[in-house]
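Summary of the model geometry
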Amino acid sequence: MAEGQAQDFLARPAELVLANVHMEVQEHLLARPEALEGKRDLILSGVMRSQRGRQEDRLRELGYGIVERREADHTWFSLWARQGDAR
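An account of the accompanying structure is given in this report. Because the structure is predicted, anything quoted here is derived from the model rather than measured.

How each quantity is defined
- Residues numbered from 1 in each chain as written.
- Predicted model: local features only at pLDDT ≥ 70, side-chain atom pairs only at ≥ 80, totals over all residues.
- Heavy atoms only, no water.
- Axes fitted to C-alpha atoms, helices over the stretch in contact; angles between N-to-C directions.
- Helix = DSSP H or I, 4+ residues; strand = E, 2+ residues; numbered from the N terminus.
- Parallel < 35°, antiparallel > 145°, perpendicular 65-115°, else oblique.
- Left-handed = near helix turned anticlockwise from the far one by under 90°.
- Contact = heavy atoms within 4.5 Å.
- Nonpolar A, V, L, I, M, F, W, Y, C, P; charged D, E, K, R; others polar.
- Phe/Tyr/Trp six-rings, centres within 6.5 Å; stacked < 30°, edge-to-face > 60°.
- Lys NZ or Arg CZ within 6 Å of the ring centre and 35° of its normal.

Some thoughts on the packing of helix H2 (residues 23-30) against helix H3 (residues 49-61)
- Relative to each other, H2 and H3 sit at 15 degrees, their axes nearing to 11 Å. Classified by the angle between their axes, H2 and H3 sit roughly parallel to one another. Pair H2 / H3 crosses with left-handed handedness. Only Gln51, Arg54, Gln55, Arg58 and Leu59 of H3 make contact with H2, whose side of the interface consists of Met23, Gln26, Glu27 and Leu30.
- Looking at the contact of H2 with H3 residue by residue, the classes come out as three nonpolar, three polar and three charged.

What to know about the packing of aromatic side chains
- Under the criterion given, the structure shown has zero aromatic pairs.
- Lying across the ring of Phe77, Arg52 places its NZ or CZ 4.9 Å from the centre.

Considerations on the environment of Asp57
- Counting through the fold element by element, Asp57 comes out in helix H3.
- Along the primary structure Asp57 and Ser45 are separated by 12 residues, whereas in three dimensions their C-alpha atoms are 16 Å apart.

Here it is as structure tokens:
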């Protein structure tokens, strides 16, 4: 396990990435698909309702399917995405 700035750790090998960061940071990280190689599961938190559809579309473009969505306070979402999962 490692904690710190997401961009500092994304290149490390891992099957699971858990990130609770603002959407802008998530977009920056997802703009580097080569860094997602070997990362089977992504759990991304800090997604606002208005951003959820765009984030899900981007994850699908990268070959991830949405396994589960969680909502907090009718505003914030967490998304669990899995590589190759067609859900």
